[in-house]
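Single-letter residue listing:
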Amino acid sequence: MWAWLYGINVLVAMILVVPLFNYIETSFGQSMALERSVNDFNFSLITDFIREYDGGLQLFIQLVLSLLIFYFMISIFLMGGILDVLVRNPHQYSAGTFLNAAVQYFWRYTRLTLYFLIGHVVILLVFWNLFSSQGLNPLKIESDHALIARVKQIFPLYLGVATTVMLMSDYAKVYVYRMNRSLITIPLINSFKHVFRHFLNAAGLYLVNMVVMAFFFLLYFLARKNLDTRPGHLLLLAFLLSQLYLLIRIGLKLVNLRSIALLSGMWSKDTSDGRV
Amino acid sequence: MDGNKNIDLLSCFTFLLFAFQITGLHGQLSPRIANYTMEIRLDTAQKTLTASTVMSWKNISDQPVSELQMHMYYNAFRSSRSTFMEESIWIRGFLNAALQDDCGWSWSEITHFEDASGHILTDSLEYIQPDDGNDNDKTVLRIGLAEPVLPGQTATYRFDWEARIPKSMVRTGYNREYYFMAQWFPKLGVYEPAGMRYAKVDQWNCHQYHSTGEYYSDFGVYDVSITVPEGFVVGASGVLQERREDRGESTWRFVAEDVIDFTWATSPHFIENKYKWKDIDITLLTYPGHEHFKERYFNAIGNAFEYLHAHVGPYPYPVLTVVDPPIHGIFTGGMEYPMLVSSLSFCFFPEGFKAPETLVTHELIHQYFMQMVASNEQEEAWMDEGVTSYYEARIMDHYGGADRSQVKWLGMKFGNGEYNRYEFLNSPNPKIAGNDRKSWEFKYGGYGTIAYNKVAMALKTLEGLIGQEVFDDMMKTYFERWKFRHPCGRDLIEVANEVVTKHYGHTFGDSIHWFFDQFIYGTEACDYAVASVTNRKMLHSAGFVNDTENCLPLDLNNSKEGYESTVVVHRLGEAWLPVEILVKFNDGSSVLEQWDGKARAFDFKYVSEKRIVSAEVDPFRKNNMDCNFLNNSFIVSQKKNSIRKYIYQIITGIQHAMETMTILI
């Protein structure tokens, strides 16, 4: 499944390769600017490119946005199948079962995603209002230090709340799968209840998973930083490194969901009737 | 009664002072045409100024002058219907809040005006609107004189005036306990005799106060005593002569000689930081929490002085005061007045973001272009803003690196010159106007990009064309010839013609007018491109080469040793200028071609054993007016590796972006 998810990511991205190659080749493929800007941030060449080849660039950006949305929808679709594997933990993996689960849960996970997206937007607005409540008009601000102090107070708080919401959305996914109801309200409420009841456990697990993710990110960042891709042959190495990191990210995402499935499974065993 | 006695004593003193100043007994640099002695009292509770002024003015024309014209800048903020406010659409969002909360409007009124003979002229005061006829604009005051000022005569006047200070207005005003008093007092316009600049007849040049373009005034001596509440720190144009404390107030007296304006700032929160560059005493006035910018400011100031001394001329004044306003004084940042400039910094600016350095460098350069070389910013903004922006880029790029002097932060970097080019070319319409109009005539936008950025780019291009040494000779000549005078655009171009011809003869034509016509006053774009590069194997001659009888066969397999190579260059824009083309061959050799750049297309042919590998128009980036650098070069064998690297970067970026998005599921 892991390789499967990675393969889909690669396939979707590959759709862009040919148009991108043609676009670069025809727009400034014969220009020495290509060579000059590829290894260094060249502001003039970048801004000239954006200005002079705007038509093609807009098309390309639209294509990228379409693919991002497409991939996002595919990821929602796959969530049912992923959780089917991770929660049931079958001895043998079956693509048919995977796809059945994906189809069965698609609409539920679409709604769930929508609810949480709305939740994130609301939280963002609340914190923005909190930040701007004392005014953002510079003429009304006593000092720029006050502004920074406000950022320092509010941003970590926002980060904490947003992360908690993400944590809850991961548990909600598992509960939606486990309870298998066409209306997701009850699984959602149950997941919230359980997360709050066992918040320290849930947060601790999430923290561990995030620390592992951050660790791999740091490793990738350091490796990438020290890899000079100017000599042509190292380009392939850099590409492989980024693919490895992507593979690890997808793997860690699955590990996170699996660990949540296990933990929440333990909570349900603790309850008298075994219900989730 | 007491007030009259004070005025009499003041007048005796100032008459003597003027006699001393105007006869030039001590190192006079300028003609000292308009001189002011002012006693100012700041009322921080009422936000008002009360003042008495003694002013002398010399008639330099050969005709008697029967009226004076004065700027009443603070009346620009008298109501929403002044010309300034009508034109300030872009900033109203911010200003409205300040105006509504505290009635931040302002005014300036002369309450008493008399001449040296005792004629009271107060009744003759009349507001006029020479630019737009807007009756609601009261920024220009005409004073009918009882006795005309004769040619060569210096007349003295005394007047009392009051002003309410605007809140948080552009360039000036107060907010909380911060006061930046710029363009604040009733000030004479410039009387231009026929033949001076563009004047066809003797006339006052005294424009209304507009939202763009700042000021134009005559040189003189300012002796200003400012009374503020005790504990307020004052910084001002000029040299501090004395400071007296009396009954909860302190009076600071400054004298500024050979300047065109006087500005001051005060706040009880100012921290004074001192620095000395050669003989110049520099004071940085900053708010608490901004002290860490001290070193950055002083480094930038030292660099700018060093560069300007070497490449333009010496700074003749003994002091410079730099005001770093608090955030609530943001609209007073980035201003230039004689011996006093304002910059701007925020405590969160990282080291790699050079806005404070850029601003202070820019405003310092204005000490030369507009303060000493006192062109008319309202009529020809490019002469000071454009020239200043050019030197700003030159200085910043020289000390900070042409590719990083402006920003070097989070993997992104660009130089000041690069940013100028970006601002100009990426503006909504780089062809919107030429610099052939007054500042307020940029009705549909483009004032900043055309008067500042475009001119900076044009002058950099001129520097590339004639070489930095000749360019410096030109600007040094211009500075020496026109300092403490009022040049117009024509005067700068005349100097350019003279110096370029001296060095190059007629290489660039009979004059270099064509350059200024196209790139300063014109609107056309400039774009050169290498359209194609071909290398064709040479063939033996075929066909009826020698006569009409014998047809020599075409043998494609039997070619000569060698190539016929061609580079075709196109002029895509309307504007032209001489350009260089660097052609490189496969044996490592290269040739630098010269082209006058006038034709729409041109080719360079080579017949030899070597092939062309690349061709590049303007390889040394002399032509900064070229609007597209991407088409300037042509490489015969495409670098597939570079394309691959782009694709790798973009594709992996998109892959990770896709994966990152899934955290929202």
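Keep in mind that this is a model prediction, so the values were computed, not measured.

Draft legend 1. Representation of the overall build of chain B. On a plain count of helices and strands, chain B comes out with 12 helices and 31 strands. Taken along the three principal axes of its C-alpha coordinates, chain B extends 120 × 75 × 50 Å. Taken across its 665 residues, chain B has 48% of its residues classed as buried. Restricting the contact set of chain B to residue pairs at least 6 apart, pairs at least 24 apart contribute 69%.

Draft legend 2. Inspection of the interface of chain A and chain B at higher detail. At the interface, 56 residues of chain A touch 56 residues of chain B. Counting residues per element, the side of chain A that touches chain B draws most heavily on helix α4 (residues 43-52) of chain A, which supplies 8 residues. Grouping the amino acids of the side of chain A that touches chain B by side-chain chemistry returns 33 nonpolar, 14 polar and 9 charged.

Draft legend 3. Region of interest: the sheet that holds strand β31 (residues 633-635) of chain B. Residue and element names in this part refer to chain B. Overall, antiparallel pairing links the 4 strands, which are arranged β28-β27-β30-β31 in an open sheet. Each end of this open sheet is capped by a strand with a single partner; those strands are β28 (590-595) and β31. Mean inter-strand twist for the sheet, computed between neighbouring axes without regard to direction, equals 15°. As paired strands, strand β30 (residues 612-617) and β31 are joined by 3 bridges and run antiparallel to one another. Opposite glutamate 616, over in β31, you have serine 633 as the bridge partner.

Draft legend 4. Seen up close, the sheet that holds strand β10 (residues 187-188) of chain B. Residues and elements named next belong to chain B. What the 4 strands build is an open sheet, ordered β5-β6-β3-β10; its pairing is antiparallel. Two strands bound the open sheet, and with one partner strand each, they are β5 (125-127) and β10. Of the pairings in the sheet, the one linking strand β3 (residues 65-71) to β10 comprises 2 bridges and is antiparallel in character. Bridge pairing in β10 places methionine 70 opposite leucine 188.

Draft legend 5. Fine view of helix α1 (residues 2-14) of chain A. Residue and element names in this part refer to chain A. When the terminal C-alpha atoms of α1 are compared, their 18 Å separation across 13 residues agrees well with the 18 Å that a helix rising 1.5 Å per residue should span. For α1, the complete set of buried residues consists of Leu5, Asn9 and Ala13. Projected down its long axis, α1 carries its buried residues within an arc of 75°, all on one side. For α1, the exposed residues lying more than 90 degrees away from the buried face are Ala3, Gly7, Leu11 and Met14.

Draft legend 6. Geometry of unusual backbone geometry. One non-glycine residue with positive phi stands out, namely lysine 47 of chain B, at about 60°. Note on placement: lysine 47 of chain B falls in the loop between β1 (34-43) and β2 (48-58).

Draft legend 7. Spotlight on the pairing of strand β7 (residues 154-164) of chain B. All names here are of chain B. Where β2 lies against β7, 11 bridges are found, and the strand directions are antiparallel. Across the sheet, the residue bridging to lysine 58 is threonine 154, located in β7. Bridge analysis of strand β4 (residues 107-115) against β7 gives 8 bridges, and the strand direction is antiparallel. Paired with glutamate 109 across the two strands is glutamate 162, which belongs to β7.

Draft legend 8. Representation of the pairing of strand β27 (residues 579-585) of chain B within the structure. Residue and element names in this part refer to chain B. Pairing analysis gives 6 bridges linking β27 to β28, with the strands arranged antiparallel. Bridge assignment links valine 583 to a residue of β28, and that residue is valine 591. From the end of β27 to the start of β28, which pair antiparallel, there are 4 residues, and glycine 588 there has a positive phi angle of about 90°. Pairing of β27 with β30, which is carried by 5 bridges, proceeds in the antiparallel orientation. Looking across to β30, one finds that phenylalanine 585 is bridged to isoleucine 612.

Conventions used here
Residues numbered from 1 in each chain as written. Chains lettered and ligands numbered in written order. Predicted model: local features only at pLDDT ≥ 70, side-chain atom pairs only at ≥ 80, totals over all residues. Helix = DSSP H or I, 4+ residues; strand = E, 2+ residues; numbered from the N terminus. Buried ≥ 20, exposed ≤ 12 C-beta atoms within 10 Å, placed from the backbone. Contact = placed C-beta atoms within 7 Å. Nonpolar A, V, L, I, M, F, W, Y, C, P; charged D, E, K, R; others polar. Pairing = 2+ DSSP bridges. Axes fitted to C-alpha atoms, helices over the stretch in contact; angles between N-to-C directions. Expected span 1.5 Å × (residues − 1). Arc of directions from axis to C-beta.

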